[in-house]
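Descriptive structure summary
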Amino acid sequence: MKSKYTQPIGKIRDINGQCISLIGNDIDTDRIIPARFLKCVNFDSLGESVFEDDRKTLKGRHPFDLEENKNATILIVNSNFGCGSSREHAPQALMRWGIKAIIGESFADIFYSNCIAIGIPCFTLPKKSIEEIQNYCNNQFLFLEIDLKNSLAKSKDLNFNLEIKESSKKMFLSGEWDATSTLLENENLIVDKFNNLPYLKFNNKLL
Amino acid sequence: MSQDTLFDKVWDLHKVSSLPGGSDQIFIGLHLIHEVTSPQAFGALKDKNLKVKFPERTVATVDHIVPTDNQSRPFKDNLAEQMIETLEKNCLEHKIRFFNIGSGNQGIVHVVAPELGLTQPGMTIACGDSHTSTHGAFGSIAFGIGTSQVRDVLATQTIAMNKLKVRQIWCENKLSNGVYAKDLVLHIINKLGVKAGVGFAHEFAGPAINALSMEERMTICNMSIEGGARCGYINPDEKTFSYIKNKLCAPKNEHWEKALTWWQSLKSDVDAIYDDVIKIDVSKIEPTVTWGITPGQSVGINQQIPLLDELSPNDKLVAEEAYEYMSFKPGQSIKDVPVEVCFIGSCTNGRISDLRIAAKVLKDKKVSKNVKAFVVPGSEKVANEAKLEGLDQIFKDSGFQWREPGCSMCLAMNSDKLIGNQVSASSSNRNFKGRQGSPRGRTLLMSPAMVAAAAINGKVSDVREFINQ
């Protein structure tokens, strides 16, 4: 039985945990969470369905089904992870399974923004380093200590300089990654923009 | 860094502030919502005790979960019924205009907004759906967002976003007969790869793009995201303006003149600076079909599925996965691969011009007895227009099922699904593993004309053999 996930709140500085490696390029959000699970009005029960079809196909041999990975929190992926649909259900499902951070060669744009919006930092590393981690994970447990401020990942045997967008890093360190309140601080500017956009003058109200 | 492109101009116009982290706060001129990615956003709004800031700038319709056989309420599927009820309730409570089933204006959100005249040049448009890039066909800057950002747009009419780089994809010469916008965009994605667009907005330009109709341009921009670009756009021109004129929500009378003057000023400068420029010669493109599990894995109808050695090192891993999943042999021909299901529809190719082209191929022909074929119009308007033109009858006479509007088997959230490892010829946008509802289902993406040809022959076929007869 997996332990219950905790939703991140406030400042995110350190993430320490066991890595789970998932090999493959262009793993799309349909695979992370198939569309039939999008028939829901909240995200609560998505965790158990993450990678449902891939897991069924592999009959217990999928990384997300292996006993040794059940407490893993740091997902290691290859290139263009999370491509395809904009469904936030994908990172929500990963988070509810227990993932707290992702390290990969590259991420699709919308998936990346969705992760940042819900408090999952995504880091990039060169292909060679990812392969080194994935090979290591093949034979033994890898526990990483991620220091977000210095963009460092440390373990007993391996150390990496992680890359993360400066804007995302600042948000996590300051605890302001829940964008709504930050955006609302500029309420006057928003109203000014609304009043001054050319096309809002010549378009009749939609209602 | 790009300068003086349409993207730069629209971005600057909508920039509300520079945020402390280095991203920009961008005003969203038009927000489109549907039943799948909005309920949690409304829920979050409630949790935070926030209101919808400008309800008049959000428009809703229902598309992903609607059944296409029987749309009477309550839906047979309880979960689908719950989702549409939640949307109805949220729209009512927050005074958001909702185009429901039977309104005459319901349909796939990216088909509906343009046909209502909501989509206009120079706007920023966001929707909790990755195919929002479709609206870029009008010279708007349009992109998909996740549910947390839907919440942000509802609460603030803005989002936090890093400015994208801009790549111009210059398309030279003319598409040959029987080759359509879908073939062009599949070709572009194949040449550039599925992640080339990450971090970019793609500007589609050049004589081949100028020659396209508005609906064809929507097909191109729609699939920007399949090439990794969250946003794709085309500079507006007279075709754009005349498409919008007289639509339900288009500016009227003296407002129209003002709109036109402003729109005509909106385009990338001739000496604009791009972060990257790519040139594509479209004259050699053949009808194009995907053979794998990403939209980048495609070949011309007369080509063979590539051998592993012919692929770049980065493409090999996913190619091996694709050969296995699709049960195709490297080097085999894509032509004559048997198909079991044929689907015409989706936000990529479910518009009236798509139906017209397919119907032309199908007229006086019969669908192969081994094929289940169905057509799902992109919207109620498309369906009504098709009926006026008698297209529905041509489809039915040929053996196609004529369905009600919705997203249907593009992503199979309703009961339209592949079974087992069926092969489908599909006019939709994604051939991902399991995308069309069966975890083993196999999707071949192609133009609507090519789907019609495949339906007749029961196998992947060159539509030019039909239209050049």
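The model shown is predicted, which means the values in this text are computed figures rather than measured ones.

Looking only at helices and strands, one finds 17 helices and 19 strands in chain B. In terms of C-alpha radius of gyration, chain B reaches 21 Å, essentially the compact-globule figure of 23 Å for 469 residues. Counting only C-alpha atoms and orienting by the principal axes, one finds that chain B spans roughly 55 × 55 × 45 Å. Counting contacts in chain B only where the partners sit at least 6 residues apart, residues at least 24 apart contribute 76% of the total.

All names here are of chain A. Counted at 1.5 Å a residue, the expected span for helix α5 (residues 127-139) with its 13 residues is 18 Å, and the 19 Å between its end C-alpha atoms agrees. For α5, the complete set of buried residues consists of Ser-129, Ile-130, Ile-133, Gln-134, Tyr-136 and Cys-137. An end-on view of α5 places all buried positions within 160° of arc, on one side of the element. Exposed and oriented more than 90 degrees from the buried face of α5 are Lys-128, Asn-138 and Asn-139. Next to the buried residues of α5 lie β1 (14-21), β2 (74-77), β3 (101-104) and β7 (159-161).

A few words now on the pairing of strand β9 (residues 165-172) of chain B. Residue and element names in this part refer to chain B. Sheet topology places β9 next to strand β10 (residues 200-205); 6 bridges connect them, and they run parallel. Bridged to Val-166 within β10 is Ala-201. In this fold, the crossover linking β9 to β10 by way of helix α6 (residues 181-192) has right-handed handedness. Looking at chain direction, β9 and strand β12 (residues 276-281) are connected through 6 bridges and run parallel. What sits directly across from Arg-167, in β12, is Asp-276.

Below, the discussion takes up the side chain of Thr-147 of chain B. Looking at the element boundaries, Thr-147 of chain B is found in helix α5 (residues 147-156). When near neighbours in sequence (up to four residues on either side) are disregarded, Thr-147 of chain B contacts Phe-43, Glu-88 and Asn-114 of chain A together with Thr-37, Gln-40 and Ala-41 of chain B.

Proximity of charged atoms lets side chains of opposite charge pair with each other. Going through the model one piece at a time under the given rule, you end up with 32 salt bridges over all chains. Of the charged contacts in the structure, one is a salt bridge between Lys-335 of chain B and Glu-465 of chain B, with a shortest N-O distance of 3.0 Å. One end of the pair, Lys-335 of chain B, is in the loop between α11 (313-326) and β15 (341-344); the other, Glu-465 of chain B, is in helix α17 (residues 464-467), and 130 residues separate them in sequence. A relative accessible area of 44% means that Glu-465 of chain B is categorised as partly exposed. Each of Arg-31 and Asp-54 of chain A together with Glu-321 and Lys-433 of chain B takes part in a single network of salt bridges with overlapping partners.

Taken together, the contacts link 62 residues of chain A with 86 residues of chain B. In this structure, Lys-53 of chain B engages Glu-187 of chain A in a salt bridge whose closest nitrogen and oxygen atoms are separated by 2.5 Å. Here chain A and chain B share 25 residue pairs in polar contact (both at pLDDT 80 or more) between them. Of all elements in the fold, only α1 (29-32), α4 (109-118), α6 (166-174), α7 (179-184), α8 (187-196) and α9 (198-202) of chain A reach the threshold of two or more residues within the side of chain A that touches chain B. Of the residues contributing to the side of chain A that touches chain B, the split by class is 26 nonpolar, 18 polar and 18 charged.

With that settled, the discussion passes to the sheet that holds strand β6 (residues 124-127) of chain B. The pairing of strands in a sheet comes from backbone hydrogen bonds and takes either a parallel or an antiparallel form. All names here are of chain B. Taken in spatial order, the 5 strands make up an open sheet running β5-β4-β3-β6-β7, and their pairing is parallel. The open sheet has two edge strands with one neighbour each: β5 (97-99) and β7 (141-144). On average, each strand axis in the sheet is tilted by 20° relative to the strand beside it, whichever way the strands run. The sheet contact formed by strand β4 (residues 58-61) and β5 spans 3 bridges and is parallel. If you follow Ala-60 over to β5, its bridge partner there is Phe-98.

On to the nonpolar core. Core analysis: the biggest nonpolar cluster contains 222 residues, and Phe-81, Leu-94 and Ile-102 of chain A together with Phe-395 of chain B have the highest contact counts within it. The leading source of residues in this core is helix α16 (residues 448-457) of chain B, at 8 residues. Each of domain 1 (6-264) and domain 2 (288-467) of chain B gives at least three residues to this core. If sequence neighbours within four positions are ignored, Ile-102 of chain A has contacts with Leu-75, Val-77, Phe-81, Leu-94, Phe-107, Phe-111, Cys-115, Ile-120, Pro-121, Cys-122 and Phe-123 of chain A. In terms of nonpolar packing, the next biggest core, distinct from the first, is built from 7 residues, Phe-343, Phe-374, Met-409 and Leu-418 of chain B among them.

In this section: the sheet that holds β2 of chain A. Residue and element names in this part refer to chain A. Spatially, β4-β3-β2-β1-β5-β6-β7 is the arrangement adopted by the 7 strands of the open sheet, whose pairing is mixed. Looking at which strands have only one partner, the edges of the open sheet turn out to be β4 (122-124) and β7. On average, adjacent strands in this sheet sit at an angle of 25° to one another, irrespective of strand direction. Direction of pairing for β3 relative to β4: parallel, over a ladder of 3 bridges. Residue pairing in the sheet places Ile-102 in a bridge with Cys-122 of β4.

With that settled, the discussion passes to the domain arrangement of chain B. Quite often, the size of an interface is put as the accessible area lost when its parts meet. Residues and elements named next belong to chain B. Under the domain assignment used here, chain B contains domain 1 (6-264) and domain 2 (288-467). Domain 1 and domain 2 are separated by 24 Å when their C-alpha centres are compared. Between domain 1 and domain 2, roughly 3500 Å² of surface is buried when both sides are summed, and carbon and sulfur atoms account for 55% of that area. For domain 1, the biggest contributors to the area lost against domain 2 are Thr-68, Ile-108 and Lys-182; these three give 19% of the whole. Our count for the domain 1 to domain 2 interface comes out at 1 salt bridge. We note a salt bridge from Glu-226 to Arg-430, for which the minimum N-O separation is 3.0 Å. On inspection of domain 1 and its partner domain 2, the count reaches 28 residue pairs in polar contact (both at pLDDT 80 or more). Contributing elements (two or more residues each) for the side of domain 1 that touches domain 2: α4 (109-115), α6 and α8 (214-222).

What counts and what doesn't
Residues numbered from 1 in each chain as written. Chains lettered and ligands numbered in written order. Predicted model: local features only at pLDDT ≥ 70, side-chain atom pairs only at ≥ 80, totals over all residues. Heavy atoms only, no water. Helix = DSSP H or I, 4+ residues; strand = E, 2+ residues; numbered from the N terminus. Rg over C-alpha atoms; globule rule 2.2 N^0.38 Å. Contact = heavy atoms within 4.5 Å. Expected span 1.5 Å × (residues − 1). Buried < 20%, exposed > 50% of the residue type's maximum accessible area, 1.4 Å probe, protein only. Arc of directions from axis to C-beta. Pairing = 2+ DSSP bridges. Right-handed = clockwise from strand over helix to strand, strands pointing away. Salt bridge = Lys/Arg side-chain N within 4 Å of Asp/Glu carboxyl O. Polar contact = N/O pair within 3.5 Å; in protein donor to acceptor, adjacent residues only side chain to side chain. Nonpolar A, V, L, I, M, F, W, Y, C, P; charged D, E, K, R; others polar. Axes fitted to C-alpha atoms, helices over the stretch in contact; angles between N-to-C directions. Core = buried A, V, L, I, M, F, W, Y, C linked by side-chain atoms within 4.5 Å. Domains from an automatic or database assignment. Buried area = accessible area lost by both parts, 1.4 Å probe.

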